Amino acid sequence: MRNLVAALGLTLIALAASGAALAGPEAWRAEWPRTDFARTNVDLAEILSGGPPKDGIPALDAPRTIPAGKERRLSDLEPVMVLELAGQAPRAWPIRYLTWHEIVNDTVGDMPVAVTFCPLCNAGIIFDRRLAGQVLSFGVSGKLRHSDMIMYDRETESWWQQALGEGIVGTMTGRKLAQLPGWMESWGSFRARNPDGLVMDEPDWPRSYGRNPYAGYDSLSRPFLYSGEMPPYGIEPLSRVVRVGNRAWPLERVAKAGELTEAGVTISWTEGQASALDASQIAKGRDVGNIRVRDAATGRDLVHDVLFAFAFQAFHPKGKWMIGP
């Protein structure tokens, strides 16, 4: 079955790439009349269609929340995005919803946030939506660069690289969103620590929430629509790494150690989180464990993400690989 999934994945890559190569600003302008394609800091030839059109994957706005103790749909092993801000109730956004919507425009206290998840990179990142006195809201463009989601802001229709939180096309080119110290962990872990926390309720969309439309993806040998440089040291492109700044720790190394303290950072691993990109039902995915990243001196949570190794190589080509002795 794994071989069948891998073969299908490679076939889709080839088919998508053959059509995507024809795309460019001239073809995009009809769909994006407000986007200034003359302003960019990337090679536009690297931007490809992922398949869905603009908003074909619908971002969510101001979702309902319910108390953690009243949530009955989630398995303890299911992954959720988490944000714990001082003075605010801890919040969780289930990956079973983000898989189908990829962006949630929400507010925690008085802070507007964008909770984002790119399944093709396994990149779950939470951003502050405030920028230069303006509050932005984000949608899904349907475009990819290095297999990573390109978001767009609805205010200027500039395009943003999700893995970096950076504007890459349009009037916001070069601007950067502040990443918040959120992380991905299992629902059971969040609920046990935060019995009075809040969790995003199920959206009112006709989607098969809980099902994984990317079954077997993190077992493929190559990423979807990626032709860039592969990771060094024999690291598999779809293996997970813990990124902190411009450093990346292979998840396998962290899991084997249980806890590592290096470069002023303490990274801990505990079992009990299902991969969102493995089994056909997210809750039944293989255990990839929970990661927590803290400042080694103060113990405070640090900005980080757990993404695929190829994405770190693509977006941090001069980054440092923490492969150990």
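Residue positions are counted from 1 within each chain, in the order its sequence is given. pLDDT decides what is reported in this predicted model: residues at 70 or higher carry local features, side-chain atom pairs at 80 or more are listed and counted, and totals for whole chains, interfaces and linings draw on all residues regardless. Only hydrogens and water are set aside when side-chain values are computed; all heavy atoms of the structure are taken into account.

A.B. asks: Explain the overall build of the protein to me, and be specific about the residues and the numbers.
C.D. replies: For the purposes of this entry, the term helix denotes a DSSP run of H or I that reaches at least four residues, the term strand denotes a run of E that reaches at least two, and both are numbered from the N terminus. A count of helices and strands for the protein gives 6 helices and 23 strands. The size measure is the radius of gyration over C-alpha atoms, and the globule rule it meets is 2.2 Å times the number of residues to the 0.38 power. Against the globule reference of 20 Å for 325 residues, the protein gives a C-alpha radius of gyration of 19 Å, in line with a compact fold. Seen through its C-alpha atoms, the protein measures out along the principal axes to roughly 50 × 45 × 40 Å. Buried, partly exposed and exposed residues are distinguished by accessible area as a fraction of the type maximum, computed with a 1.4 Å probe on protein chains only: under 20%, between the cut-offs, and over 50%, respectively. With 325 residues in all, the protein has 56% of them scored as buried. Nonlocal contacts in the protein, meaning residues at least 24 apart in sequence, comprise 64% of its contacts between residues at least 6 apart. Per-residue and other accessible areas follow the Shrake-Rupley method at a 1.4 Å probe size, with only the shown protein chains counted as cover for residues. As displayed, the protein has an accessible area near 13700 Å², and 53% of this comes from carbon and sulfur atoms. Lys and Arg are tallied as positive, Asp and Glu as negative. Neither His nor the chain termini are counted. Every charge is mapped onto a representative atom, which is NZ of Lys, CZ of Arg, CG of Asp or CD of Glu. Taken together, the 35 basic and 37 acidic charged side chains of the protein have centroids lying 1 Å from each other. Whether two residues touch is decided by their heavy atoms; if any such pair falls within 4.5 Å, the residues are in contact.

A.B. asks: Could you give an account of unusual backbone geometry, with specific residues and numbers?
C.D. replies: At alanine 132, a position not held by glycine, the phi torsion is positive, near 55°. A positive phi angle is found at glutamate 157, which is not glycine, with a value near 55°. With respect to the helices and strands, glutamate 157 occurs in the loop between strand S12 (148-153) and strand S13 (159-161). For glutamate 157, a relative accessible area of 8% corresponds to the buried category.

A.B. asks: Now, about the sheet that holds strand S17 (residues 240-244): what can you tell me, with residues and values included?
C.D. replies: Here a strand pair is declared whenever DSSP counts at least two bridges between the two strands. Pairing within the open sheet is mixed, and its 4 strands lie in the order S22-S17-S18-S23. Unpaired on one side and paired on the other, strand S22 (305-308) and strand S23 (320-321) mark the two borders of the sheet. The pairing of S17 with strand S18 (residues 247-250) spans 4 bridges and is classified as antiparallel. Note that in S18 the partner of valine 244 across the bridge is arginine 247.

A.B. asks: Describe the packing of aromatic side chains, naming the residues involved and giving the relevant values.
C.D. replies: What characterises a pair of aromatic rings is the spacing of the ring centres plus the angle enclosed by the ring planes. Centres within 6.5 Å make a pair out of two Phe, Tyr or Trp rings, where for Trp the six-membered ring is used; the pair is then stacked when the planes are under 30 degrees apart, edge-to-face when over 60, and tilted otherwise. Summed over all chains, the structure comprises 12 aromatic pairs. Among the aromatic residues, ring-to-ring pairing joins Trp28, Trp32, Phe37, Tyr152 and Trp159 into one connected group. Here the guanidinium or amino end of lysine 54 rests over the ring plane of tryptophan 32, the centre of that ring lying 4.7 Å away. Any Lys NZ or Arg CZ found within 6 Å of a ring centre and within 35 degrees of that ring's normal is scored as a charge over the ring. Seen from the ring of tyrosine 152, lysine 54 lies directly overhead, with NZ or CZ sitting 5.4 Å from the centre.

A.B. asks: Break down the pattern of salt bridges for me, with residues and values.
C.D. replies: Throughout this description, the term salt bridge denotes a Lys or Arg side-chain nitrogen within 4 Å of a carboxyl oxygen of Asp or Glu. Tallying each qualifying case throughout the model produces 25 salt bridges. Taking the shortest distance from any N to any O, the salt bridge between arginine 130 and aspartate 128 comes out at 2.9 Å. Notably, a salt bridge pairs arginine 193 with glutamate 185, separated by 2.5 Å at the nearest N-O pair. For arginine 193, a relative accessible area of 32% gives the class partly exposed. Bridged by salt links that share partners, the residues Arg64, Glu71, Arg73, Asp201, Glu202 and Asp204 form one connected network.

A.B. asks: Break down the nonpolar core for me, citing the residues and quoting the values.
C.D. replies: Among buried residues, those of type Ala, Val, Leu, Ile, Met, Phe, Trp, Tyr and Cys that are joined through side-chain atoms within 4.5 Å constitute a nonpolar core. Core analysis: the biggest nonpolar cluster contains 62 residues, and Trp93 and Val113 have the highest contact counts within it. The contacts of valine 113, once residues within four sequence positions are left out, are Leu83, Trp93, Val104, Asn105, Asp106, Thr107, Val108, Ile126, Phe127, Arg129 and Leu180.

A.B. asks: Tell me what's going on with the state of the cysteines, and back it up with residues and numbers.
C.D. replies: Note that a disulfide, as used here, is simply two cysteine sulfur atoms within 2.5 Å. Applying the stated criterion across every chain yields a total of 0 disulfides. Cysteine cysteine 118 remains unbridged, with the sulfur of cysteine 121 as its closest cysteine sulfur at 4.2 Å. Taking relative accessible area as the criterion, cysteine 118 reaches 2% and is therefore assigned buried.

A.B. asks: Any chance you could break down empty space enclosed by the protein for me, citing the residues and the numbers?
C.D. replies: Gaps between atoms show up when a probe of the same size as a water molecule is rolled over them. Detection works on a 1 Å grid of protein atoms alone, calling trapped sets that fit a 1.4 Å probe cavities and calling open sets with protein on both sides within 12 Å along at least five of seven lines pockets, with lining residues defined by an atom within 4 Å of a point. Grid points are joined across faces, edges and corners, and a volume is the space filled by probe spheres set on the points. Overall, the coordinates contain 1 cavity of 30 Å³ or more when judged by the stated rule. Volume-wise, the largest cavity comes out at about 190 Å³. Together, 19 residues line the largest cavity, and Asn122, Met184, Gln273, Gly289 and Val306 are the ones closest to its centre. Taken together, the elements giving at least two residues each to the lining of the largest cavity come down to strand S15 (183-186), strand S21 (290-295) and S22. Lys, Arg, Asp and Glu make up the charged group, whereas Ala, Val, Leu, Ile, Met, Phe, Trp, Tyr, Cys and Pro make up the nonpolar group; the residues left over, Gly among them, are polar. Residues belonging to the lining of the largest cavity are distributed by class as follows: 9 nonpolar, 8 polar and 2 charged.

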